[in-house]
Structures are given as C-alpha cells and as structure tokens.
Amino acid sequence: DVKVTQSSRYLVKRTGEKVFLECVQDMDHENMFWYRQDPGLGLRLIYFSYDVKMKEKGDIPEGYSVSREKKERFSLILESASTNQTSMYLCASSVEGLESDTQYFGPGTRLTVL
Amino acid sequence: GQQLNQSPQSMFIQEGEDVSMNCTSSSIFNTWLWYKQDPGEGPVLLIALYKAGELTSNGRLTAQFGITRKDSFLNISASIPSDVGIYFCAGHNDYKLSFGAGTTVTVRA
C-alpha cells in the first residue's frame, strides 16, 4: 500500500512566521505535489516536483517555495505566513510515465495563520 | 490552471437512492478521474477513465469519459450512508491534475 505521510495534521502559526510543511512517501515515486484545498475551490496546485532537486510552479505558487533534497521527501515552505494562507494543505505522489495520473494523497495539514 | 465545472455543489441523499454528478471543461483531457474525500482524510481514487466514450464501473460506481473529452459523469447506485463525503472530478494532462470544486454528499435526515 502506498503511504504518504504529512508531518502535522493541525498547525497554528502567527502572521510573518516561516512555516515548513513536510511530506514523505514510501513508494519510491518520482513525482510529488503540493495542493491547497479551500471550500468551493477544490484542490489547487501550488508546486510539483518530478525529480530530486527539480521543481515546477503550479497554478498558485505566490508566497510559497518548495524543497526536494531526497526522493521521498517534499517540503512546502511559507516564507512569511499570512492570514490568506489559512487552508488545508495536501501532499500527493505518483509514479512517472503512463500511470502518472494516479496520485496518492496524504491526510492533509490544516494550517491556521493568526 | 484549467477550469473544471463540477455540479451539483452539494446534494442530500437518502439511503437506496441513485445519485449523479458531472464535470465539464473548456479543455480536452487525456484522462478523467474521480476521487472521494472522507472527513479528515486526503482524496482517494475511485475510478480512472482513459478513452473517450469509455464507461467504467467499480462496484456501485459508474463513470463515463465524454466523447468530446471535455466532460465526465459519475453515478452512484443504491447509495449507503458511507457514501457521504466530497467527490472530486479531475482531468489529467502533462503530469498534472486539474480538479473540480467538489460535490459534497450528505445523508438526508
């Protein structure tokens, strides 16, 4: 079974803090993704990575950065958290190639920025 | 990103009812997928569709990939209480998924 784990289920931070969200997958997947989920908007892609040290901007990268130093780990960084970044953050992974459409999701981190 | 319009936004079901939801897009997709999210969990893949016109079933779930490749629908037959949750459609192109806003399914009291 594919397992995608996220470091925290709930997180509360203050405006201006630097925030790290960690994601680890155990299936040797090449691709990893970060989404945010907001009511009425579905899931929106922030960043994705198709290899170690590689990253690509998604649809809403502003205010975020990412790091992928090891294949199994993909970190999302909020350099200076703002209240409009309060959201549910979901990490996902997939293999490359023909089956790359099947993404496996972690349980999510609900981040509140005060 | 590519815009997917999913409807309805929400629905109430009574046990035993058939329910239906659909998704349309202005863009063509190579693959359509349907995910379900239970409260407090990440989305889980229900069905993936790979060919225009394809009709695929998974237990009580049936989904179709539209002929134009711009739409898909999902049917749930004989609904049961554990069908509650949020259902998302997603289209796949270029290693990325674009998601609809979701359909929230709730049991009618």
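I will try to describe carefully the structure that is included in this document.

What counts and how
Residues numbered from 1 in each chain as written. Chains lettered and ligands numbered in written order. Predicted model: local features only at pLDDT ≥ 70, side-chain atom pairs only at ≥ 80, totals over all residues. Heavy atoms only, no water. Phe/Tyr/Trp six-rings, centres within 6.5 Å; stacked < 30°, edge-to-face > 60°. Helix = DSSP H or I, 4+ residues; strand = E, 2+ residues; numbered from the N terminus. Buried < 20%, exposed > 50% of the residue type's maximum accessible area, 1.4 Å probe, protein only. Contact = heavy atoms within 4.5 Å. Buried area = accessible area lost by both parts, 1.4 Å probe. Salt bridge = Lys/Arg side-chain N within 4 Å of Asp/Glu carboxyl O. Polar contact = N/O pair within 3.5 Å; in protein donor to acceptor, adjacent residues only side chain to side chain.

Once that is clear, we can look at the packing of aromatic side chains. Counted according to the given criterion, the structure contains 10 aromatic pairs over all chains. Note on F33 of chain A and F48 of chain A: the rings are 6.0 Å apart at their centroids and 20° apart in plane angle, and the pair reads as stacked. Here the residue F33 of chain A occupies a position in strand 4 (residues 31-38), and F48 of chain A occupies one in strand 5 (residues 42-49), the gap between them amounting to 15 residues. According to the relative accessible area criterion, F33 of chain A is buried, its value standing at 0%. Linked through ring pairs, F33, Y35, F48 and F105 of chain A together with Y35, F88 and F99 of chain B together constitute an aromatic cluster.

Another aspect to go through is the interface of chain A and chain B. Each partner contributes residues to the interface: chain A has 21 residues there, and chain B has 20 residues. In total, about 1,700 Å² of surface goes out of reach between chain A and chain B, with carbon and sulfur atoms giving 55% of it. For chain A, the biggest contributors to the area lost against chain B are L43, D101 and F105 of chain A; these three give 30% of the whole. The interface formed by chain A and chain B includes 0 salt bridges. Run the count over chain A and chain B and you get 3 residue pairs in polar contact (both at pLDDT 80 or more). Among the secondary structure elements, those contributing two or more residues to the side of chain A that touches chain B are strand 4 and strand 5 of chain A.

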